[in-house]
Amino acid sequence: MVRIAQMERPTISDVLPKIRAYYAKPNNLSGGSLHIVLDDGNVRDCDVRYCVEFAQERCDSDGVSLAETLLLMSRAQRFKLSRRRYA
């Protein structure tokens, strides 16, 4: 398993605007393809990888990009993001 160096990780502040923009898209009020991570708090790597695949199946390029960004973050960072409300 490859570990991401701390300095390479996106910060919560970096990702928040992307999440807000994603929620603002039509049909994404409940987290769109990333619902299980962003709304339900399932923040393990396997959960985020599932969201990548689900977004790909739905041709949701923004969801794929956001999920791939979330994979670069720590589980603790993802958990903090999942505790916020975006809608």
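Given the structure is predicted, the values throughout are model-derived calculations rather than measurements.

1. Describing the packing of helix α1 (residues 12-24) against helix α5 (residues 75-82)
In step 1: Relative to each other, α1 and α5 sit at 45°, their axes nearing to 11 Å. Between α1 and α5, the interaxial angle falls into the category oblique. The handedness of the crossing between α1 and α5 comes out as right-handed. Facing Ile12, Val15, Leu16 and Ile19 of α1, the residues of α5 in contact are Gln77, Lys80 and Leu81.

2. Things to note about helix α4 (residues 61-71)
In step 1: Here α4 has its buried residues at Gly63, Val64, Leu66, Ala67, Thr69 and Leu70.
In step 2: Considering only its buried residues, α4 is in contact with α1, α2 (35-38), α3 (45-57) and α5.

3. Looking at the nonpolar core
In step 1: Within the largest apolar cluster, 21 residues are counted, with the highest numbers of intra-cluster contacts made by Val15, Ile19, Leu34, Leu38, Leu66, Leu70 and Leu81.
In step 2: Leucine 70 has contacts with Val15, Leu34, Val37, Leu38, Val48, Arg78 and Leu81, leaving out every residue within four places of it along the chain.

4. What to know about the side chain of serine 82
In step 1: Among the structural elements, serine 82 can be located in helix α5.
In step 2: Separated by 2.7 Å, the side chain of serine 82 and the backbone oxygen of phenylalanine 79 make a polar contact.
In step 3: When neighbours within four sequence positions are excluded, serine 82 is seen to be in contact with Val37, Leu38, Gly41 and Val43.

5. Some points on the pattern of salt bridges
In step 1: Following the criterion strictly, the structure yields three salt bridges and no others.
In step 2: Between arginine 44 and aspartate 47 there is a salt bridge whose closest N-O contact spans 3.1 Å.
In step 3: Given the relative accessible area of 42%, arginine 44 is considered partly exposed.
In step 4: Aspartate 47 sits in the buried class, given a relative accessible area of 9%.
In step 5: We note a salt bridge from arginine 78 to aspartate 45, for which the minimum N-O separation is 2.6 Å. With a gap of 33 residues between them, arginine 78 in helix α5 and aspartate 45 in helix α3 connect regions that are remote in the sequence.

Reading the values: the criteria
- Residues numbered from 1 in each chain as written.
- Predicted model: local features only at pLDDT ≥ 70, side-chain atom pairs only at ≥ 80, totals over all residues.
- Heavy atoms only, no water.
- Axes fitted to C-alpha atoms, helices over the stretch in contact; angles between N-to-C directions.
- Helix = DSSP H or I, 4+ residues; strand = E, 2+ residues; numbered from the N terminus.
- Parallel < 35°, antiparallel > 145°, perpendicular 65-115°, else oblique.
- Left-handed = near helix turned anticlockwise from the far one by under 90°.
- Contact = heavy atoms within 4.5 Å.
- Buried < 20%, exposed > 50% of the residue type's maximum accessible area, 1.4 Å probe, protein only.
- Core = buried A, V, L, I, M, F, W, Y, C linked by side-chain atoms within 4.5 Å.
- Polar contact = N/O pair within 3.5 Å; in protein donor to acceptor, adjacent residues only side chain to side chain.
- Salt bridge = Lys/Arg side-chain N within 4 Å of Asp/Glu carboxyl O.

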